[in-house]
Amino acid sequence: MKKGFSKLNTTDKIAALTEQHQLNSDFKQTLQSHIHPEFQDLYNQFSENTLSNFFLPYGVAPGFLINDKEYSIPMVIEESSVVAAASKAAKFWALNGGFKTRIISTNKRGQLFFTTEWTYTELTELLPKIKKFLLKVTEDITQSMRQRGGGIIDFELHHESDVDAATYCLTVSFETRDSMGANFINSCLEKMGEALKAFLKKQNSELAIEINMAILSNYTPECIVECMVSCPTPSLQAYSGTFTAEDFALRFQKAVQLATHNVGRAVTHNKGIMNGIDAVVLATGNDFRAIEAGVHAFAAKNGQYSSLTKIDISENIFTYTLTVPLAVGTVGGLTSLHPLAKQSLALLEYPNAQELMQIMAAAGMANNFSAIAALVTSGIQKGHMKMHLSNILSTFNAVGDEKEAALNYFKNKTVSHSAVKQFLEDLRKNA
């Protein structure tokens, strides 16, 4: 690859890649077929070396009743059955009180790491003065946020003695209101780094101090939302299949207990939650990588990775609860730039950040509930592969009549890649 790739125009970039990797003409044609005729210049600004767009399905799960308000939730996801599972659970719970959500806390964290000859005791004694000074020097950055009810909340000093005896972390708590706040937090922290160094040098110029780094943390255990569903156990008959509602509830409870204590199960259990959450995160232009990292760290906060959900069955009442950290925004970033992200927020009737946290949690709960219900009754593959059938048919270039025949044939049969292949071969042989 010749130097200066980033400086080439899109056509020359594609030509260079085609030549270097000996790609056929499909590469260029496919990229060009995914160019947006109206918004491409905007999309090119979102990332570097952009050649085209990678499309994902934009679906909607209607009928979510969250805190007695109905929502149609936009979901961007490529996995078969996620939107269907969310919609099914939404319909069931709407008839059984809906999703009850609440915000536990909304603070986010930033970290200022530094190395110094000052001792932990000396720094702790100085901390009140340090806090006052850092609040003062960042007033110009925080002014607008403070006017909206946010800003810097608190400071904590931690000794990073596992790294070395001279390294510390100043953890700063922030409230960023309706923005995710990454740029705001990072700007504050970088200003604090310069100021802290100057402050300590003024106190004692003979003691060395070096700023290691200043960056927000995507671990947000103080930005928490809770989502709960509850109903009389007999009402679960709609999901129980061949089991009684009571047996279904007990099987469901055991599945959650296994996810609580078995790491291998917990990861997949929580992934089912993230199917719903990530789909809404993407649809609203939020940062799904940050969300994922924070959620999974939270799931391991007690020293072992575990389920994000808890279950209680008592006095014939089934209660299922999800607690999850979600640092999201409804202003700034792609939320106000991406055309579909803006329309997603419009579809949700312009929620603030706290409301969006609750909507995402309900979507995660819905997907997890449907997944566990399937696992403990008919098994996950029956419903999933039915939804996946259309993708398999497309893989084998099935046309209209073939697709219709396959859909009828597999109504009461197990769907698999090999079974669909064999069906189409037999169908075409006898055509």
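In this report, we go over the structure that sits alongside the text.

Some details on the state of the cysteines
The term disulfide refers to a covalent linkage connecting the sulfur atoms of a pair of cysteines.
Step number 1: Counted according to the given criterion, the structure contains zero disulfides.
Step number 2: In this structure Cys169 is not part of a disulfide, and its nearest cysteine sulfur, from Cys188, lies 15 Å away.
Step number 3: Among the residues examined, Cys169 registers a relative accessible area of 0% and is labelled buried.
Step number 4: With no disulfide partner, Cys231 has as its closest neighbouring cysteine sulfur the one in Cys227, 13 Å distant.
Step number 5: For Cys231, a relative accessible area of 3% translates into the label buried.

Side note on the packing of aromatic side chains
Step number 1: Under the counting rule described, the total for this entry stands at 21 aromatic pairs.
Step number 2: Ring centres 5.2 Å apart and planes at 70° place the aromatic pair Trp93 and Phe369 in the edge-to-face group. Taken together, the residues Trp93 in helix 4 (residues 82–94) and Phe369 in helix 13 (residues 353–375) connect sequence positions 276 residues apart.
Step number 3: A ring pair is formed by Tyr409 and Phe423, whose centres lie 4.7 Å apart and whose planes are at 25°; its orientation type is stacked. Of this pair, Tyr409 sits in helix 15 (residues 400–409) while Phe423 sits in helix 16 (residues 417–429), and the two are 14 residues apart along the sequence.
Step number 4: For Phe423, a relative accessible area of 12% corresponds to the buried category.

Description of the environment of Met75
Step number 1: Structurally, the position occupied by Met75 is in strand 2 (residues 69–76).
Step number 2: With relative accessibility at 0%, the residue Met75 sits in the buried group.
Step number 3: C-alpha of Met75 to C-alpha of Met365: the two residues are 290 residues apart in sequence and 14 Å apart in space.
Step number 4: Contact partners of Met75, with chain neighbours within four places excluded, come to Pro57, Tyr58, Gly59, Ala61, Val82, Val83, Ala86, Gly276, Ala279, Val280, Ala283 and Asn367.

Brief notes about the environment of Ile14
Step number 1: Relative to the helices and strands, Ile14 is located in helix 1 (residues 10–21).
Step number 2: Separated by 37 residues in sequence, Ile14 and Leu51 have C-alpha atoms that sit 7.3 Å apart.
Step number 3: The contact partners of Ile14, leaving out residues within four places of it in the chain, are Phe27, Lys28, Leu31 and Leu51.

Looking at the sheet that holds strand 6 (residues 167–175)
Step number 1: Overall, antiparallel pairing links the four strands, which are arranged 5-6-4-7 in an open sheet. Sheet topology places strand 5 (151–159) and strand 7 (209–217) at the edges, where each strand pairs with a single neighbour. Ignoring which end each strand starts from, the neighbouring axes of this sheet average 20° apart.
Step number 2: Of the strands in this sheet, strand 4 (108–116), strand 5 and strand 6 touch helix 5 (residues 120–137), which is tilted by about 165° from strand 5.

Section: empty space enclosed by the protein
Step number 1: Overall, the coordinates contain three cavities of 30 Å³ or more when judged by the stated rule.
Step number 2: The computed volume of the largest cavity comes to approximately 50 Å³.
Step number 3: In this structure, the largest cavity is lined by Met180, Asn218, Thr220, Ala290, Ile291, Gly294, Pro325, Leu326 and Ala327.
Step number 4: A per-element tally of the lining of the largest cavity places helix 10 (residues 288–299) first, with three residues.
Step number 5: Of the residues assigned to the lining of the largest cavity, the class counts are six nonpolar, three polar and no charged.
Step number 6: By volume, the second largest cavity amounts to about 40 Å³.
Step number 7: Considering the residues around the second largest cavity, the lining is formed by Lys108, Arg109, Met180, Ile185, Leu216, Ser217, Asn218, Thr220 and Ala327.
Step number 8: Contributions of two or more residues to the lining of the second largest cavity are made by strand 4 and strand 7.

Description of the nonpolar core
Step number 1: With 63 residues, the main nonpolar core has Phe64, Ile73, Phe99 and Leu326 as its most contacted residues.
Step number 2: The element best represented in this core is helix 13, accounting for twelve residues.
Step number 3: The contact partners of Ile73, leaving out residues within four places of it in the chain, are Gly59, Val60, Ala61, Phe64, Ile66, Val280, Leu348, Ile359 and Ala363.
Step number 4: By size, the runner-up hydrophobic cluster in this structure holds 31 residues, among which are Leu112, Leu170, Phe184 and Ala195.

Structural notes on the sheet that holds strand 10 (residues 317–325)
Step number 1: One open sheet holds the four strands; their spatial order is 3-8-10-9, and the pairing between them is antiparallel. Two strands close off the open sheet at either side, each with one partner strand: strand 3 (100–106) and strand 9 (309–314). Strand after strand, the sheet turns through a mean of 15° between neighbouring axes, direction not considered.
Step number 2: Sheet analysis places strand 3 next to strand 8 (residues 223–232), joined by six bridges and oriented antiparallel. Considered in strand 8, the bridge of Arg102 is made with Glu226.
Step number 3: Helix 13 rests against strand 3, strand 8, strand 9 and strand 10 of the sheet, and its axis sits at about 45° to strand 8.

Parameters at a glance
- Residues numbered from 1 in each chain as written.
- Predicted model: local features only at pLDDT ≥ 70, side-chain atom pairs only at ≥ 80, totals over all residues.
- Heavy atoms only, no water.
- Disulfide = S-S within 2.5 Å.
- Buried < 20%, exposed > 50% of the residue type's maximum accessible area, 1.4 Å probe, protein only.
- Phe/Tyr/Trp six-rings, centres within 6.5 Å; stacked < 30°, edge-to-face > 60°.
- Helix = DSSP H or I, 4+ residues; strand = E, 2+ residues; numbered from the N terminus.
- Contact = heavy atoms within 4.5 Å.
- Pairing = 2+ DSSP bridges.
- Axes fitted to C-alpha atoms, helices over the stretch in contact; angles between N-to-C directions.
- 1 Å grid on protein atoms, 1.4 Å probe; cavity = no way out; pocket = protein on both sides within 12 Å on 5 of 7 lines; lining within 4 Å.
- Points joined across faces, edges and corners; volume = space filled by probe spheres on them.
- Nonpolar A, V, L, I, M, F, W, Y, C, P; charged D, E, K, R; others polar.
- Core = buried A, V, L, I, M, F, W, Y, C linked by side-chain atoms within 4.5 Å.

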